[in-house]
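Here is how the chains run, residue by residue.
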Amino acid sequence: MALSEVYWDRQIPLPKLAPVQAKVTVALVALLCFINSYDGEFVFDDSEAIVNNKDLKPTTPLSNIWRNDFWGSNLSSNSSHKSYRPLTVLTFRLNYLLAGGLHPVGFHMLNIILHAVISALMIDVFAILIGGLSYDEKGSILNHAPKTSLLAALFFAAHPVHTESVAGIVGRADLLCALFFQLSFLTYCKAFNRDDRFSVQWVVVSLLLCAAAMLCKEQGITVLVSEMLRTGLPTRLALMGLGGLSMLYARWRIMGTGPPAFTEVDNPASFAENIFLRVMNYNYYYSLNAWLLLCPWWLCFDWSMGCVPLIKSATDWRMVWLLLLWCVLIGLINQALCSQDSQRRRTLTLGLVLLVVPFLPACNVFFRVGFVIAERVLYLSSAGYCLLLAYSLGLCCCRWTKYRKLLCASVLALLCVYIARCALRSHQWRSEQSLFTSALPVCPLNAKVHYNVGKNLADRGNATAAVGYYREAVRLHPTYVHAMNNLGNILKERNELTEAEQLLSKAVSIQPDFAAAWMNLGIVQNSLQKFEEAEKSYWNAIRFRKKYPDCYYNLGRLYADQNRHVDALNAWRNATVLKPDHSLAWNNMVILLDNTGNLGQAEMIGREALRIIPNDHTIMFSLANVLGKLQKYKESEGFFLHALRINPNSASCHGNLAVLYHRWGKLELAKKHYELSLKLDPEAPGTRDNYNMLRRKLDQLKRGISW
């Protein structure tokens, strides 16, 4: 198990540091690379996994994280991605509790610290993989390759492909998985003491840490393969194999004994009918992943939807990359198996294992995955690449001693380029605007990139610019229903109703269960006064999404436009049952009952609404109007004044309070609030006439007094 000092290690152009110094150096480099992402926003997948995930909130039972997937959906749901990562979600929940809410700084800082710790621990992992396992007199593990392991760890700490895992908060799953992967491996190594005796207790601890890695992310199970390569005795193999099979069985049962369902958009190659082309495309994906490790310059948050066009023929020029990839791999495997140099065989074998094995769950061989390329899945595999890269540089230093200074400069330059690229890329991950726009030159054919740029622009109020990106997304992917829905919404707001109706109709014809598109289509049809079609669209939306309060609200508006008052009230009541704080539905009920003369019922509904949402100034305003008509002037005044404390610049509230005072006979107060209303909105309907009427009355009163 123990090897002598690695012969090429002395030639590595780095100083030989003490173990603690080496770890601190690597950790500092890791921090330097990604520290500028510490104050970033929640971006991309963070919205679903963190911002909208109820499992993070203290009000949600803690047991839910063991029943739900990574995104907060129940594992038994057909829409679940079956990504079971409860320990990762638990750390998100702890971040939430410690920060007192959704404050991204704490989330980002923990990711950065985790990467620094993992990078430092990589020194120990690389030292064992390269130089074997041996002990000094005190029982501490000896590092026979201190310079090579340090260089490989520095490459790992600064590799730009890690940006998604570190700067993207959902990358916490990869970080925690890698940490427990390392701890499981290092603990397993402790099972072998100086006398080469085997400790079952340490193996059990290693298996528990492997289970923890798997509960952070699925690929954590792959650490067992690395450990089993070090296992020679049948007892050890049986113990590790039994533990691994038990974990796989438990994971399969949790997943519902079936894999998640993905669409052709997620992974088009896996839906290719021709097996040959399917295999060729998979291998092309492997070559692209290898290229990201070799040259991590073209990085993108999403590689789906046309970003990587399918290979459809054996004559496609991209087949060259497949051949090149396998030529390199076969050459490395040949050296790993047939070299006369035992140290070379060991380093190449274990480097290739660390490169390939963690990638296996993402390779589409065992089951279909939900992506084309995902930089985050390379987090662990990149360790194998960094080990092989450091080994290659060590050999070069041995063979080309006269170029030692040039090689030293090259290593330093490569590390500097890595650090600079990490800093730039982590800066791009600080906001969705910079993240999405950075993808345009990398994947110009990716419809999802254009969609996300458009959505970000629309969310920031630039709907005009968003239209162009949504149109491009639909052009690149003609069945992109979400782009059609969002584009239809903008066109609806711009009163381009005919095109909006066409887009939304096409969206629901492509995806008949798209509830949001059905509701938006109903809104457009209502605006076009196609009331019958609009009602059908609303009910279709409710059929596909049973609990849809916004749709009931819009259905109520349709009924109100048709003077179907009872139906409108029932629809709005359904909206408030499903969403008790649905302010618009409550307010519309009060207004409709007020307008139809049902003042007592309007008062009752208004008071009920304010018990649920006590600080809603719009409901206070409507209820105050009702109370004024009921001549409950004092209560009405109280609600008007409360509403104005919340929203002091409401011209209509000042105007209606002035009308109340006018009726009540408090003419000076009426004059004051008429003037405030006109100051805020000189064109307020009716206010100018009422104000002039009041002034005439005040003039008459003054003349009467003077007489």
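Please read these numbers as outputs of a predicted model, since none were measured by experiment.

*Asks:* How would you explain the overall build of the protein if you had to name every residue and give the values?
*Replies:* A count of helices and strands for the protein gives 31 helices and zero strands. The principal-axis extents of the C-alpha atoms in the protein amount to approximately 120 × 55 × 50 Å. If you take every contact in the protein between residues at least 6 apart in sequence, the share linking residues at least 24 apart comes to 65%. Carbon and sulfur atoms form 60% of the exposed surface of the protein, whose accessible area is close to 32600 Å². In the protein, the 70 positive side-chain charges and the 52 negative ones have mean positions that sit 4 Å from each other.

*Asks:* How would you sum up the state of the cysteines? Please name residues and give values.
*Replies:* Applying the stated rule across the entire model yields one disulfide. Residue pairing for Cys307: its cysteine sulfur links by disulfide to Cys443, the two sulfurs lying 1.7 Å apart. Residue Cys307 is located in the loop between α11 (275-294) and α12 (319-338), and its partner Cys443 is located in the loop between α16 (432-439) and α17 (447-459); the two are separated by 136 residues in the primary sequence. Per residue, the accessibility class of Cys307 equals that of Cys443, and both read buried. Not part of a disulfide, Cys216 finds its nearest cysteine sulfur in Cys177, a span of 6.8 Å.

*Asks:* I'd like a rundown of the layout of surface pockets, residues and numbers included.
*Replies:* In this approach the atoms are scanned with a rolling probe the size of a water molecule, which exposes any empty space left behind. Each pocket or cavity is described by its volume, and for the second largest pocket that value is around 1300 Å³. Mapped by element, the contributors of at least two residues to the lining of the second largest pocket are α11, α12, α13 (342-356) and α14 (378-399). The dominant element in the lining of the second largest pocket, judged by the number of residues it contributes, is α11, at ten residues. Its residues assigned to classes, the lining of the second largest pocket shows 40 nonpolar, four polar and one charged.

*Asks:* Summarise the UniProt feature "repeat: TPR" (unreviewed entry) in the protein; cite the residues concerned and give the values.
*Replies:* Summarizing the sequence annotation, UniProt attributes the feature "repeat: TPR" (unreviewed entry) to residues 447-480, 481-514, 515-548, 549-582, 617-650 and 651-684 in the numbering used throughout. With 79% helix and 0% strand, residues 617-650 has its two end C-alpha atoms placed 10 Å apart.

*Asks:* I'd like a rundown of helix α21 (residues 515-527), residues and numbers included.
*Replies:* For α21, built from 13 residues, the straight-helix expectation of 18 Å at 1.5 Å per residue is met to within 8% by its first-to-last C-alpha distance of 19 Å. The element α21 is extensively covered by neighbouring structure, given that twelve of its 13 residues are classed as buried. Buried positions along α21 lie against α19 (481-493), α20 (497-510), α22 (531-544) and α23 (549-561). Of the residues trailing α21, Gln529 is marked for its positive phi of about 60°.

*Asks:* Pulling in residues and values, what's your account of the packing of helix α1 (residues 19-34) against helix α4 (residues 104-131)?
*Replies:* α4 packs onto α1 with a crossing angle of 145° between their chain directions and a minimal axis gap of 8 Å. Like other packed secondary-structure pairs, α1 and α4 cross with a definite hand, here right-handed. Along its contact with α1, which presents Ala22, Lys23, Val26, Ala27, Ala30, Leu31 and Phe34, the element α4 presents Ile112, His115, Ala116, Ser119, Ala120, Ile123 and Asp124. Split by residue class, the contact of α1 with α4 holds ten nonpolar, two polar and two charged.

*Asks:* Requested: an account of the packing of aromatic side chains, with residues and values cited.
*Replies:* Under the criterion given, the structure shown has 20 aromatic pairs. Taken together, a centroid distance of 5.2 Å and an interplanar angle of 85° make the contact between Tyr7 and Trp8 edge-to-face. Relative to Trp321, the ring of Trp291 lies with its centre 6.3 Å away and its plane at 45°, an arrangement referred to as tilted. Of this pair, Trp291 sits in helix α11 while Trp321 sits in helix α12; the two residues are 30 residues apart in sequence, bridging distant segments of the chain. An aromatic cluster is defined as three or more aromatic residues linked by ring pairs; in this entry it consists of Phe42, Phe70, Trp71, Phe92 and Phe107. Over the face of the ring belonging to Trp202 we find Lys190, whose NZ or CZ atom lies 5.8 Å from the ring centre. Against the face of Trp297 rests Arg421, its NZ or CZ located 4.6 Å from the ring centre.

*Asks:* Now, about the nonpolar core: what can you tell me, with residues and values included?
*Replies:* Phe126, Phe155, Phe301 and Val308 are the most contacted members of the largest nonpolar core, which totals 209 residues. In terms of residues, this core owes the most to one element, α14, which gives 13 residues. Counting contributing residues per domain, this core is built from domain 1 (16-255) and domain 2 (649-706), each supplying no fewer than three. Phe155 has contacts with Cys386, Leu389, Ala390, Leu393, Val411, Leu414, Leu415 and Tyr418, leaving out every residue within four places of it along the chain.

*Asks:* Explain the pattern of salt bridges to me, using residue names and the numbers behind them.
*Replies:* Oppositely charged side chains are able to pair whenever their charged atoms sit close together. This structure, assessed with the given rule, holds 23 salt bridges. Measuring nitrogen to oxygen at the nearest pair gives 3.0 Å for the salt bridge that ties Arg430 to Asp39. In this pair, Arg430 sits in the loop between α15 (404-428) and α16 while Asp39 sits in the loop between α1 and α2 (46-51), placing the two residues 391 residues apart along the sequence. Classification of Arg430 as partly exposed rests on a relative accessible area of 23%. Among the salt bridges present, the one from Lys217 reaches Asp174, with a minimum N-O distance of 2.5 Å. Of the two residues, Lys217 is situated in the loop between α8 (200-216) and α9 (223-228) and Asp174 in helix α7 (residues 172-190); the sequence distance between them amounts to 43 residues. For the pair formed by Lys217 and Asp174, the shared burial category is buried. A single salt-bridge network, built from bridges that share partners, covers Glu603, Arg607, Lys632 and Glu635.

*Asks:* If you had to explain the side chain of Lys147 to someone new, which residues and values would you point to?
*Replies:* The residue Lys147 is located in helix α5 (residues 146-158) in this model. Within the buried core, Lys147 has no salt-bridge partner, and the shortest N-O distance to an opposite charge, that of Asp9, equals 6.2 Å. A polar contact is formed between the side chain of Lys147 and the backbone oxygen of Leu14, at a distance of 3.3 Å. Excluding anything up to four places from it in sequence, Lys147 contacts Asp9, Arg10, Ile12, Leu14, Pro15 and Lys16.

*Asks:* I'd love a proper account of a nonpolar patch on the surface, names of residues and values included.
*Replies:* A cluster of nonpolar side chains, contributed by Trp291, Leu294, Trp297, Trp298 and Leu424, occupies part of the molecular surface with about 550 Å² of accessible area. Tracing the backbone through its elements, the reader meets Trp298 in the loop between α11 and α12.

*Asks:* So, the packing of helix α27 (residues 617-629) against helix α28 (residues 633-646): which residues are in play, and what are the values?
*Replies:* Each pair of packed helices gets described by two things: the angle between the helix axes and the distance between those axes. Running from amino to carboxyl end, α27 crosses α28 at an angle of 160°, the nearest separation of the two axes being 8 Å. Put simply, α27 runs roughly antiparallel to α28. α28 is crossed by α27, and the crossing has left-handed handedness. Along its contact with α27, which presents His617, Met620, Phe621, Leu623, Ala624, Asn625, Leu627 and Gly628, the element α28 presents Tyr633, Glu635, Ser636, Phe639, Phe640, His642, Ala643 and Ile646. When the residues that make up the contact of α27 with α28 are grouped by side-chain class, the tally is ten nonpolar, five polar and one charged.

*Asks:* Lay out unusual backbone geometry in plain terms, naming residues and giving numbers.
*Replies:* Positive phi, close to 70°, is recorded for Asn364, a residue that is not glycine. Note on placement: Asn364 falls in the loop between α13 and α14. What makes Asn364 buried here is its relative accessible area of 10%. For Gln529, which is not a glycine, the phi torsion comes out positive at approximately 60°.

*Asks:* I'd like a description of the domain arrangement of the protein, backed by residues and values.
*Replies:* Domain annotation for the protein reports domain 1 (16-255) and domain 2 (649-706). Centre-to-centre separation of domain 1 and domain 2, based on C-alpha positions: 69 Å.

*Asks:* Go over α27, please, and point to the residues and values.
*Replies:* If you check α27, its first and last C-alpha atoms are 19 Å apart, about what 13 residues at 1.5 Å a residue would give, namely 18 Å. Residues of α27 that are buried make contact with α25 (583-595), α26 (599-612), α28 and α29 (651-664). Taken from the residues just after α27, Gln631 is the one with a positive phi, measuring 65°.

Quick notes on the rules
Residue numbers run consecutively from 1 along every chain, following the written order of its sequence. In view of the model being predicted, local features appear only for residues whose pLDDT reaches at least 70, and side-chain atom pairs are presented and counted only at 80 or more, with totals across whole chains, interfaces and linings using the full set of residues. Side-chain calculation: all heavy atoms of the structure are included, whereas hydrogens and water are not. Strands here are runs of E lasting at least two residues and helices are runs of H or I lasting at least four, both read from the DSSP assignment and numbered beginning at the N terminus. Here, residues are in contact when the closest pair of their heavy atoms is within 4.5 Å. Here the open area of atoms and residues is found with the Shrake-Rupley method and a 1.4 Å probe, where only the protein chains shown may cover a residue. Here the positive residues are Lys and Arg and the negative ones are Asp and Glu; neither His nor the chain ends is included. The atom standing in for a charge is NZ when the residue is Lys, CZ when it is Arg, CG when it is Asp and CD when it is Glu. A pair of cysteine sulfur atoms is labelled a disulfide when the two atoms are within 2.5 Å. For every residue, the accessible area (1.4 Å probe, protein chains only) is compared with the maximum for its type, and the residue is labelled buried under 20%, exposed over 50%, or partly exposed between those bounds. Residues are said to line a cavity or pocket when one of their atoms sits within 4 Å of a point; the points come from a 1 Å grid over protein atoms alone, cavities being sets where a 1.4 Å probe fits but cannot get out and pockets being open sets with protein on both sides within 12 Å along at least five of seven lines. Grid points are joined across faces, edges and corners, and a volume is the space filled by probe spheres set on the points. Three classes are used: nonpolar for Ala, Val, Leu, Ile, Met, Phe, Trp, Tyr, Cys and Pro, charged for Asp, Glu, Lys and Arg, and polar for all others, with Gly counted as polar. UniProt positions are given in the numbering used here, feature names are shortened, and annotations may be inferred rather than shown by experiment. A helix is expected to span 1.5 Å multiplied by its residue count minus one. Between N-to-C directions, angles span 0 to 180 degrees; the directions come from axes that are lines fitted to C-alpha atoms, helices contributing only their stretch in contact. Note: crossing handedness is left-handed where the near helix turns anticlockwise from the far helix by less than a right angle, and right-handed where it turns clockwise. Classification of ring pairs rests on two measures: the distance between centres of Phe, Tyr or Trp rings, Trp counted by its six-membered ring, which must be within 6.5 Å, and the angle between planes, read as stacked under 30 degrees, edge-to-face over 60 and tilted in between. For a ring to carry a charge above it, either NZ of a lysine or CZ of an arginine must fall within 6 Å of the ring centroid while also lying within 35 degrees of the normal to the ring plane. Grouping buried Ala, Val, Leu, Ile, Met, Phe, Trp, Tyr and Cys residues that are joined through side-chain atoms within 4.5 Å yields what is termed a nonpolar core. The start and end points of each domain follow an automatic or database-based domain assignment. Think of a salt bridge as a Lys or Arg side-chain nitrogen and an Asp or Glu carboxyl oxygen that are within 4 Å of each other. Any N or O atom pair separated by 3.5 Å or less is treated as a polar contact, with the protein-specific requirement of one donor-capable and one acceptor-capable atom, and with residues adjacent in sequence counted only for side-chain atom pairs. Two distance rules govern patches: like charges are joined within 9 Å, and nonpolar side chains (Val, Leu, Ile, Met, Phe, Trp, Tyr) within 5 Å, applied only to residues with over 30% relative accessible area and no salt bridge. Here is the rule for angles: anything less than 35 degrees is roughly parallel, anything more than 145 is roughly antiparallel, 65 through 115 is roughly perpendicular, and the remaining ranges are oblique.

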